[in-house]
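Coordinates in review
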Amino acid sequence: MQHQRVLVLDFGGQYNQLIARRVRDLGVYCDLKPCDMSVEAIKAYAPIGIIFTGGPNSVYDETSPKIDRAVFSLGIPVFGICYGAQLIAFTMGGTVIRAATSEYGKRECTIVKETPMSEGVPSKSVCWMSHTDLIEKVPSGFEVLAVTDSCPVTMYGDPVRKIYGVQFHPEVVHTEYGNRILENFLYRVCGAAGDWTMSGFVEEQTRILKDKIGDKKVLLALSGGVDSAVAAALVHRAAGKNLTCVFVDHGLHRKYETEEVMRVFRDEMGMNLIMADARSRFLQKLAGVTDPETKRKIIGAEFIKVFEEEAKKIGAVDFLVQGTIYPDVIESGKGKSAVIKSHHNVGGLPDVVDFKEIIEPLRDLFKDEVRRVGTELGLSDSVVWRQPCPGPALAIRIMGEVTEEKLETLRDADFIFRDEIRKAGLDRAIWQYFAVITNSKTVGVQGDFRTYENVIALRAITSVDAMTADWARIPFEVLESISTRITNEVEHANRVVYDITSKPPATIEWE
Ligand code: XMP
């Protein structure tokens, strides 16, 4: 079944994926595509509505992305946000000017004319702005629909042609009625049916996978992360015992992680699960290695080797499942950003497995949708809400050489940290939180004895997409109990420090 689709054209703003996620949350499937998509391609895509995102440019810059005017003659409703709104005004003959000062933050927005876009929105409400240029004059045929003190055209539109623009960001939570405005665009302007649900997705995918797989053989590498776990549960529903999962225990996982994978997937779900115990191999390879990138490369290469050996034992399979998700396949409107760290994932597997075809059952889903699918499939919160863990896992949270002793200290400290965060009810508010074992030792006093042990650093961040992050404001009392427990319960740790650096300039991981 073909779902109704909205097209979100990406003009490079930082909230673009958030817009697409909000649209999906409202029950309408959408795709985020680069802003240079041709009018023919847009027509062929057949969206029920088009959203232009924000972006960092000014419409008057020669190199700034523009839009073909013909897009407004397709009869498809259009909604422009921030730069998107300015671009509509500019393209249709309105005036955009540079404001004296940039406007950033909350403003009171007053609706001056009711349209389907403002249904259910009070005449005054808070909206969130982030712009320098502003629309001074709307194009002919358009009307000003809302204003703020400092922004003469906060919302404008033409209800007949169904083209609207807002200067603020409806997708961020600080815009009180932002979700309502997006919902109005989808349901009251585009006439959406709301046919995108996760239970529907599970049913549909199970059917598709069943048809495709039949009684053929399927192989999947379980990483311990959310994506591969949900992909495994979904494919298992369709393929049962024809699916074999391989979990490589490289000994760098967090405390109890391997046990949990065995319990959930083998014992509870009854999957065909092969546990490859490669702990000593990885430790040997990592002996004496201190450089972060070298660690990553060694782990990536060794992971593939272990997997290859296991795959050889299984022999030829028909399908290889990968847990690719939508953000991995989106082509950004801005082009590719610089590689800061070489991220290890299972991308190298296709080369070492004898298979006919790759299956990526989650490639249309955002992370929050993957989680909802996991819950639909009966996976517990501890699996579905597992925080992201880098492929090299604890190896890049141990500064310097990775040893079994340091791994043990880190696993224990990290476990306490996570346990206390969960008990304090902060586990969903904080995006990622983990312990790091630094390579400094400090003097301490425990009982009547002098100690000389490791410093444990705590890292906890809030983020939307891991591209930027802020350090989490964990209450002092919670930090205190974490510190007390770590220094009391964990061997070889006598000091705890809290990392208060944002990204940038730091990265989330320490290595
Ligand atoms: P950084 O440290 O670059 O991390 O700010 C951003 C996000 O990526 C994760 N990360 C990795 N994930 N392999 C992965 O699969 C890696 O080598 C790797 N390094 C960092 C990190 O945990 C954070 O969520």
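Bear in mind that the values here come from a model prediction, so they are computed numbers and not experimental data.

Criteria and thresholds
- Residues numbered from 1 in each chain as written.
- Predicted model: local features only at pLDDT ≥ 70, side-chain atom pairs only at ≥ 80, totals over all residues.
- Heavy atoms only, no water.
- Pairing = 2+ DSSP bridges.
- Helix = DSSP H or I, 4+ residues; strand = E, 2+ residues; numbered from the N terminus.
- Axes fitted to C-alpha atoms, helices over the stretch in contact; angles between N-to-C directions.
- Contact = heavy atoms within 4.5 Å.
- 1 Å grid on protein atoms, 1.4 Å probe; cavity = no way out; pocket = protein on both sides within 12 Å on 5 of 7 lines; lining within 4 Å.
- Points joined across faces, edges and corners; volume = space filled by probe spheres on them.
- Buried < 20%, exposed > 50% of the residue type's maximum accessible area, 1.4 Å probe, protein only.
- Polar contact = N/O pair within 3.5 Å; in protein donor to acceptor, adjacent residues only side chain to side chain.
- Salt bridge = Lys/Arg side-chain N within 4 Å of Asp/Glu carboxyl O.
- Domains from an automatic or database assignment.
- Buried area = accessible area lost by both parts, 1.4 Å probe.
- Parallel < 35°, antiparallel > 145°, perpendicular 65-115°, else oblique.
- Left-handed = near helix turned anticlockwise from the far one by under 90°.
- Expected span 1.5 Å × (residues − 1).

Within the open sheet, the 5 strands sit side by side as β12-β11-β10-β13-β14. Their pairing is parallel. One side of each edge strand has no neighbouring strand; the edge strands of this open sheet are β12 (272-277) and β14 (357-359). Averaged over all adjacent pairs, the angle separating strand axes in this sheet is 25°, with direction ignored. Sheet strands touched by helix α7 (residues 257-268): β10 (218-222), β11 (243-249) and β12. Its angle to β12, the strand with the most contacts, is close to 165°.

The next subject is empty space enclosed by the protein. Unoccupied space between atoms shows up once a probe the size of one water molecule is rolled over them. Inspection of every chain in the model, using the stated rule, returns 1 cavity of 30 Å³ or more. By volume, the largest cavity is sized at about 60 Å³. As for the largest cavity, its lining consists of Cys109, Ile111, Val121, Ser125, Val126, Cys127, Met155, Phe168, Thr175, Tyr177 and Ile181. Of all the secondary structure elements, the ones that give two or more residues to the lining of the largest cavity are β5 (95-111) and β6 (124-137). When residues in the lining of the largest cavity are grouped by element, the largest group, 3 residues, is from β6.

Our next topic: the sheet that holds strand β4 (residues 78-81). Through backbone hydrogen bonds, the strands of a sheet pair up, either in parallel or in antiparallel fashion. In spatial order, the strands read β2-β1-β3-β4-β9-β8-β7-β5-β6; together these 9 strands make up an open sheet with mixed pairing. A strand with exactly one partner marks an edge of an open sheet, and here the two such strands are β2 (29-34) and β6. Averaged over all pairs of adjacent strands, the angle between strand axes in this sheet comes to 20°, irrespective of strand direction. With 4 bridges connecting them, strand β1 (residues 5-10) and strand β3 (residues 49-52) associate as parallel partners. Each residue of the ladder has a partner; that of valine 6, found in β3, is glycine 49. The sheet strands contacting helix α1 (residues 16-25) are β1, β2, β3 and β4, and the helix crosses β2 at an angle near 160°. The strands that helix α3 (residues 83-91) touches are β3, β4, β5, β6, β8 (155-158) and β9 (163-166); relative to β4, the one it contacts most, it runs at about 120°.

Glancing now at the side chain of glutamate 509. Within the secondary structure, glutamate 509 sits in the segment after β18 (493-498). What makes glutamate 509 buried here is its relative accessible area of 9%. At 2.8 Å, the side chain of glutamate 509 and the side chain of arginine 397 are in polar contact.

A word on the pattern of salt bridges. Counted under the stated rule, the structure contains 42 salt bridges. Put simply, arginine 188 and glutamate 183 hold a salt bridge, and the shortest N to O gap is 3.9 Å. Measuring nitrogen to oxygen at the nearest pair gives 2.7 Å for the salt bridge that ties lysine 255 to aspartate 412. Pair noted here: lysine 255 is in the loop between β11 and α7 and aspartate 412 is in helix α13 (residues 404-423), with a separation of 157 residues, a long-range link. Put simply, Arg254, Glu257, Glu260, Arg263, Glu268 and Arg386 are held in one network by salt bridges that share partners.

This part takes up the domain arrangement of the protein chain. The assigned domain composition of the protein chain is domain 1 (5-189), domain 2 (198-384) and domain 3 (404-498). A straight line from the C-alpha centre of domain 1 to that of domain 2 covers 38 Å. Across the boundary between the two partners, domain 1 contributes 12 residues, which contact 13 residues of domain 2. Note on domain 1 versus domain 2: buried area summed over both sides is about 1100 Å², and carbon and sulfur give 47% of it. In this structure, the salt-bridge partner of arginine 24 is glutamate 369, at a minimum N-O distance of 2.6 Å.

It is the contact of α13 with helix α14 (residues 476-489), at a shortest axis distance of 9 Å, that shows an interaxial angle of 150°. As far as their axial angle goes, α14 and α13 are roughly antiparallel. Handedness of the α13/α14 crossing: right-handed. Contact residues: Ala413, Ile416, Phe417, Asp419, Glu420, Ile421 and Lys423 in α13; Val478, Ser481, Ile482, Arg485, Ile486 and Glu489 in α14.

Let's shift gears to helix α4 (residues 178-189). Spanning 12 residues, α4 covers 15 Å between terminal C-alpha atoms, matching the ideal 16 Å at 1.5 Å per step. As for α4, its buried residues are in contact with β1, α1, β3, β4 and β9. Residue glycine 191 follows α4 closely and has a positive phi angle near 70°.

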